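Read off the chains here:
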Amino acid sequence: MRKGVWHTLESIMAGIIIILFLVAIVSRQTSVAPGPNVIIMQGLEELRDLDKKGILRDYVIDRNNTGLDSEVQIDFFNHSISICDTGGNCNGSAPSARSIWVATYFVAGKNNYTPYEVILYLW
């Protein structure tokens, strides 16, 4: 009778140790850097949100890339903005970083058709 009790207690303790080990492994959070598509989509969503709020077009028409850059709220990344017209004249320039992701947003104008390209650089 005593051997059966000890074997049962040993089995229960071994089961508890195995369960605790598995819980420790599964609950460990791995931090994975977001992929390029996620980063670009975050930039596009930011530009789209600024356009929906009515902020983006005013800065683009004025070609005020520094003011627009101050409106962008993206965490964990540095960013800069260029505003280009159809002739290829741009306000702002690309940063000189090693890895740069680019989100491009087109604006047709405000009261008349004057297209502009808004380029958001993320690094």
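The coordinates are above.
Residues numbered from 1 in each chain as written. Predicted model: local features only at pLDDT ≥ 70, side-chain atom pairs only at ≥ 80, totals over all residues. Heavy atoms only, no water.

A few points about the overall build of the chain
Next, step 1: Helices and strands together make up the secondary structure of the chain, namely four helices and four strands.
Next, step 2: Its helices and strands in sequence order give the chain the pattern α-α-α-α-β-β-β-β, from N to C terminus.
Next, step 3: A burial count over the chain gives 27% of its 123 residues as buried.
Next, step 4: In the form shown here, the chain has an accessible surface area of approximately 8800 Å², with 58% of it arising from carbon and sulfur atoms. (Helix = DSSP H or I, 4+ residues; strand = E, 2+ residues; numbered from the N terminus. Buried < 20%, exposed > 50% of the residue type's maximum accessible area, 1.4 Å probe, protein only. Areas by Shrake-Rupley, 256 points an atom, 1.4 Å probe, with all protein chains shown as cover.)

Details of the packing of aromatic side chains
Next, step 1: With the rule as written, the count across this model stands at one aromatic pair.
Next, step 2: Judged by centre distance (6.2 Å) and plane angle (70 degrees), the ring pair of phenylalanine 77 and tryptophan 101 falls under edge-to-face. Of this pair, phenylalanine 77 sits in the loop between helix H4 (65-71) and strand S1 (79-85) while tryptophan 101 is found in strand S3 (residues 101-107), placing the two residues 24 residues apart along the sequence.
Next, step 3: Look at phenylalanine 77 and you get buried, because its relative accessible area is 18%.
Next, step 4: Tryptophan 101 gets classed as partly exposed once you look at its relative accessible area, which sits at 23%. (Phe/Tyr/Trp six-rings, centres within 6.5 Å; stacked < 30°, edge-to-face > 60°.)

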